[in-house]
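# Observations on chain architecture
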Amino acid sequence: MKIKIIEKSYSEVMALPIPKHKKPKKINIFFRTLIKILSAINLKRNNMKFNEFGMDKLGKKEPCLILMNHSSFIDLQIAASYLFPRPFSTVCTTDAFVGKGWLMRQIGCIPTQKFVADITLLRDMSYAVKELRSSVLMYPEAGYSFDGTATTLPDSLGRLAKMLKVPVVTLITKGAFSREPLYNMLRHREVDISADVTYLLSKEDIEALSADEINEKINAAFSFDSFKWQQENNIVIDEDFRADGLERVLYKCPHCMSEGTNVGKGTLLSCSACGKQYELTELGALRALDGDSAFTHVPDWYRWEREQVRAELEEGRYLLDTDVDIYMMVDQSALYHIGAGHLVHNSEGFRLTGADGELDYSQSPLASYCLNADYFWYEIGDMISIGNSRQLFYCFPTSENPIVAKARLAAEELFKIKMKERRPSRKERKDN
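Now for a description of the structure that goes with this document. (Residues numbered from 1 in each chain as written. Predicted model: local features only at pLDDT ≥ 70, side-chain atom pairs only at ≥ 80, totals over all residues. Heavy atoms only, no water.)

## Considering empty space enclosed by the protein
A full pass over the atoms with the stated rule returns four cavities of 30 Å³ or more. Its volume calculated, the largest cavity comes out at about 150 Å³. Together, 20 residues line the largest cavity, and Phe350, Gln363, Ser368, Cys370 and Leu371 are the ones closest to its centre. Going through the elements one at a time, strand S15 (349-354), strand S18 (381-387) and helix H12 (404-422) are the ones with two or more residues in the lining of the largest cavity. In the lining of the largest cavity, the residues fall into eleven nonpolar, eight polar and one charged. Taken as a whole, the second largest cavity encloses approximately 70 Å³ of empty space. Together, 14 residues line the second largest cavity, and Arg189, Phe227, Gln230, Ile237 and Gly284 are the ones closest to its centre. Sorting the residues of the lining of the second largest cavity by element identifies helix H7 (176-179) and helix H10 (226-232) as the ones contributing at least two each. Residue contributions to the lining of the second largest cavity peak at three residues, all from H10. (1 Å grid on protein atoms, 1.4 Å probe; cavity = no way out; pocket = protein on both sides within 12 Å on 5 of 7 lines; lining within 4 Å. Points joined across faces, edges and corners; volume = space filled by probe spheres on them. Helix = DSSP H or I, 4+ residues; strand = E, 2+ residues; numbered from the N terminus. Nonpolar A, V, L, I, M, F, W, Y, C, P; charged D, E, K, R; others polar.)

Spelled out as structure tokens, the structure:
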């Protein structure tokens, strides 16, 4: 999938008019039926099944908040297939509106920006629920899962549930990640898909529980591991490209500690620095071809990388310093290419400069709890996105071996560190 791109200078992009806000539209029965049919055709080959838990408690016309994990390009098709004929609005990123804004609004989509504070989104969701009497489908992880486990969830979900005052339903897929993981360029594998649909919280539950207690229940519902699921259910994935791109996730060698030297190709992950090789087996496990295996489970390796990044941050050693190609999004007309630049990420946050000297943008570590990082974004390349409600910068590293997964981990861990520094512990508050 590609996106419309226009060449402009930074000053020309910033001179563009600010788009007028449009309220969400309720998806009509024609579009609901069309999406249902198209989704069913595509999902039939994957033997799509739904397992319901407590869904008899939800009224047929009762709006609800649907929280779905984000594992695959077909997530929306899965949701549409299950929810029909219930009307629902879908929270999605503004880039999905480029070149097709009219259609996206007709099918009930609500635009937002990933990991950017958006008061307008809250108003739009409230409008959809209370005025349109429509359910709201949301992917609280915002970004695709890199390693098949849940991406960090925002602490604001509890407050959102209390604001909307409608039941909360979770829709957790099984097999969607295995079918087309992001690191593998979303290439299709033959895997059956199912989804657990759970009535998680009633309106009475939401009223009685605190926002933190609601967050705990949502986080528990988003406790999944796609590789573990594959192994426990003996799901064989025998495609000979299953390890292609795996270095995007497993970028650090645990044997020689080098970074950016792993290469995923075919069924193997190999380190060009020390020669260590792993096979990604047909059941999704890691097996060293010689010697001991430092890790046999992809999420364990990724978790170790997170710990390594955390140590770098605490010791003041973490640094991303790379040349980038810069694109911007300020409206839904196009993605604007503004030229070359330089991106630095350290304990002080991000700093982006370039565009012939016109651009100098800094972003605090506390600006977001996570980072919009993606692989082969719109067929352009691996990407890191920062910015605010007025301007979003999409940075495509051009330096050798830039690692966007490490940048995401660093942004998440740095946010935790800074929040802990800012918030005194309970004991400290009591002592004071």
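## Overview of the pattern of salt bridges
Per the counting criterion, the structure on display carries 20 salt bridges. Taking the shortest distance from any N to any O, the salt bridge between Glu190 and Arg45 comes out at 2.9 Å. Of this pair, Glu190 sits in the loop between H7 and strand S8 (194-201) while Arg45 sits in the loop between helix H2 (29-44) and strand S2 (49-53), placing them 145 residues apart in sequence. Among the ionic pairs, Arg179 bridges to Glu180, the shortest N-O distance being 3.0 Å. You can call Glu180 buried: its relative accessible area is 6%. Via salt bridges that share partners, Arg306, Arg310, Glu314, Glu412, Glu413 and Lys416 belong to a single interconnected network. (Salt bridge = Lys/Arg side-chain N within 4 Å of Asp/Glu carboxyl O. Buried < 20%, exposed > 50% of the residue type's maximum accessible area, 1.4 Å probe, protein only.)

## With respect to a negative patch on the surface
Together, Asp155, Asp212, Glu213 and Glu216 make up a negatively charged patch on the protein surface. With respect to the helices and strands, the residue Glu216 is situated in helix H9 (residues 211-221). Overall, Glu216 belongs to the exposed group, its relative accessible area being 56%. (Patch = residues over 30% accessible without salt bridge, like charges linked within 9 Å, V, L, I, M, F, W, Y side chains within 5 Å. Areas by Shrake-Rupley, 256 points an atom, 1.4 Å probe, with all protein chains shown as cover. Lys, Arg positive; Asp, Glu negative; His and termini not counted. Charge placed at Lys NZ, Arg CZ, Asp CG, Glu CD.)

## Observations regarding the sheet that holds S2
With mixed pairing, the seven strands of this open sheet are ordered in space as S2-S8-S7-S3-S6-S4-S5. The sheet is open, and its two edges are formed by S2 and strand S5 (109-112), each paired on a single side. Strand-to-strand twist in this sheet, taken as the mean axis angle between neighbours without regard to direction, amounts to 25°. Across three bridges, strand S4 (residues 88-93) lies against strand S6 (residues 135-138) in parallel orientation. (Pairing = 2+ DSSP bridges. Axes fitted to C-alpha atoms, helices over the stretch in contact; angles between N-to-C directions.)

## A word on the layout of surface pockets
In this structure, the second largest pocket encloses a volume near 680 Å³. Every residue lining the second largest pocket is counted, 25 residues in all, and those nearest its centre are Pro19, Thr94, Gln113, Gln332 and Ser389. Residue assignment for the lining of the second largest pocket shows that the elements contributing at least two residues are helix H4 (101-106), S5 and helix H5 (119-130).

## So, H2
The end-to-end C-alpha distance of H2, which contains 16 residues, comes to 22 Å, matching closely the 22 Å that a straight helix rising 1.5 Å per residue would cover. Three or more residues of H2 are buried, namely Phe31, Arg32, Ser39 and Leu43. Buried positions in H2, seen along its axis, are confined to an arc of 100° and lie on one side of it. Exposed and oriented more than 90 degrees from the buried face of H2 are Phe30, Leu38, Ile41 and Lys44. Between the side-chain oxygen of the N-cap and the backbone nitrogen of Phe30 there are 3.1 Å, and the N-cap of H2 in question is Asn28. (Expected span 1.5 Å × (residues − 1). Arc of directions from axis to C-beta. Polar contact = N/O pair within 3.5 Å; in protein donor to acceptor, adjacent residues only side chain to side chain.)

## Quick notes on the sheet that holds strand S11 (residues 277-280)
Spatially, four strands are ordered S9-S10-S11-S12 in an open sheet, and the strand pairing comes out antiparallel. The two strands at the open ends of the sheet, each matched to only one other strand, are strand S9 (262-265) and strand S12 (286-288). In this sheet, neighbouring strand axes are inclined to one another by 25° on average, regardless of whether the strands run parallel or antiparallel. In this sheet, S11 lies alongside strand S10 (residues 268-271) in antiparallel orientation, the contact comprising three bridges. Each residue of the ladder has a partner; that of Leu269, found in S11, is Tyr278.

## Focus: the packing of aromatic side chains
In this description, an aromatic ring pair is defined by two values, namely the gap between the centres and the angle between the planes. Across all of its chains, the model carries 15 aromatic pairs by this definition. Consider the rings of Phe50 and Tyr82, whose centres lie 5.1 Å apart with planes at 50°: the pair is tilted. Note that Phe50 is positioned in strand S2 and Tyr82 in helix H3 (residues 75-83), a separation of 32 residues in sequence. The exposure class assigned to Phe50 is partly exposed, which follows from its relative accessible area of 26%. Arranged with centres 4.6 Å apart and planes meeting at 85°, the rings of Trp377 and Tyr378 form a pair that is edge-to-face. (Phe/Tyr/Trp six-rings, centres within 6.5 Å; stacked < 30°, edge-to-face > 60°.)

## Some points on the nonpolar core
Counting 57 residues, the largest nonpolar core has Leu343, Leu352, Leu359 and Phe393 as its most contacted members. Those residues within four positions of Phe393 in sequence are excluded, and the remaining contacts are Tyr10, Ile326, Tyr327, Met328, Leu352, Leu359, Tyr361, Ile384, Ser385, Ile386 and Gly387. In terms of nonpolar packing, the next biggest core, distinct from the first, is built from 26 residues, Val168, Leu201, Ile214 and Phe222 among them. (Core = buried A, V, L, I, M, F, W, Y, C linked by side-chain atoms within 4.5 Å. Contact = heavy atoms within 4.5 Å.)

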